[in-house]
Amino acid sequence: MPARGGAFPGPEPSRDGAAAAEPGPDFESWAAARWPRLVRTAYLLTGDHHEAEDLVQTTLAKVYLGWSRISRLDEPDAYVHRALTNNNLSRFRRRRVVHLLTARLPERSRPAATGRVETRASLVVALAALPPRMRAVVVLRYWEDLSEQQVADVLGCSVGNVKSQASRALRKLRDHPALAATESGER
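So, here is what we can say about the structure in this document. Once a new chain begins, its residue numbering starts again from 1 and follows that chain's sequence as written. With pLDDT at 70 or above as the cut-off, local features in this predicted model cover only qualifying residues; side-chain atom pairs require 80 or more to be listed or tallied, and sums for whole chains, interfaces and linings still use all residues. To get the side-chain values, take all heavy atoms of the structure and skip hydrogens and water.

## Structural notes on the nonpolar core
In globular proteins that are soluble, nonpolar side chains generally tend to be buried together. Quick reminder of the rule: Here, nonpolar core refers to any group of buried Ala, Val, Leu, Ile, Met, Phe, Trp, Tyr and Cys residues whose side-chain atoms link them within 4.5 Å. To sort residues, take the accessible area from a 1.4 Å probe on protein chains only and compare it with the maximum for the residue type: under 20% means buried, over 50% means exposed, and anything in between is partly exposed. By definition, any uninterrupted DSSP run of H or I lasting at least four residues is a helix, any uninterrupted run of E lasting at least two residues is a strand, and each is numbered from the N terminus. Two residues form a contact once any of their heavy atoms are found within 4.5 Å.
Within the largest apolar cluster, 36 residues are counted, with the highest numbers of intra-cluster contacts made by F27, W30, V56, L60, L84, L130 and L155. Elements supplying a minimum of two residues to this core: α1 (27-46), α2 (49-65), α3 (67-70), α4 (76-94), α5 (115-129), α6 (132-143), α7 (148-155) and α8 (159-175). Per-element tally for this core: the top contributor is α1, with 8 residues. Setting aside residues up to four positions removed in sequence, L130 forms contacts with R135, V138, A169, K172 and L173.

Listed below in structure tokens is the structure:
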């Protein structure tokens, strides 16, 4: 009898001895193709590049365990987005550490072409000020360009909840000092 722990050279045999058919794309190539987008989404959810990579790795490790089932779904990407969002919310609940984020960096001489970078940095600061669930709605709805129904499915809530969360989040973002300074040209 072969040893446990992945000693089989091919697909794992089923109980009757026949090799199980591969249901979908292999996990490694699927994860490699989705990695950059998942990290970008996680970055917008967490506000930190290192935490984003950790969040994606944690999510993919969990997804890997159930990949034979998940790969057969109509929308495995939607499943992974939901898992990513849920893992971020769980991470936030577990670690109630307050991050001190400043709206402005110390003045330094900068080239004139840094406006887009500054705007993006201001947006990340403003996103970090939103509660995790509200941030998830904004990221999934406007960054990932999911429909309200898709966001509701990912977050496990109603479409009306997504609409109200998005409305409140956009209002908070408009009123956030980092974005107000960007719009008015103050620096």
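Structure's up, so let's keep going.
## Let's talk about the packing of α7 against α8
Packed helices, taken two at a time, are described by their axes: the angle between them and the distance between them. To be explicit about the condition: Simply put, an axis is a line fit to the C-alpha atoms, just over the touching stretch for a helix, and the angle between two N-to-C directions goes from 0 to 180 degrees. With respect to orientation, any angle under 35 degrees is reported as roughly parallel, any angle over 145 as roughly antiparallel, any angle of 65 to 115 as roughly perpendicular, and every other angle as oblique. Throughout this entry, Asp, Glu, Lys and Arg are counted as charged residues, while Ala, Val, Leu, Ile, Met, Phe, Trp, Tyr, Cys and Pro are counted as nonpolar. The remaining residues, Gly among them, count as polar.
Remark: α7 packs on α8, axes separated minimally by 8 Å, with the N-to-C direction vectors making an angle of 100°. It follows from the interaxial angle that α7 and α8 lie roughly perpendicular. Of the residues in α8, those in contact with E148, Q149, V151 and A152 of α7 are V159, V162 and K163. Here the residues of the contact of α7 with α8 are counted per class, giving 4 nonpolar, 1 polar and 2 charged.

## Quick look at the side chain of H176
Among the structural elements, H176 can be located in the loop between α8 and α9 (177-184). Excluding residues that lie within four positions of it along the chain, H176 makes contacts with V125, A126 and A129.

## Digging into the packing of aromatic side chains
As a reminder of what qualifies: A pair of aromatic rings is counted whenever rings of Phe, Tyr or Trp (Trp by its six-membered ring) have centres within 6.5 Å, and the orientation is called stacked for planes under 30 degrees apart, edge-to-face for over 60 and tilted otherwise.
Applying the stated criterion across every chain, the model contains 4 aromatic pairs. Relative to W67, the ring of F27 has its centre 5.3 Å away and its plane inclined at 70°; by these criteria the two rings are edge-to-face. With F27 in helix α1 and W67 in helix α3, this residue pair connects regions lying 40 residues apart in the sequence. One aromatic cluster is present, formed by F27, W30, Y64 and W67 through successive ring pairs.

It is worth stressing that arrangement in space is one thing and function is another; only the former is reported here.
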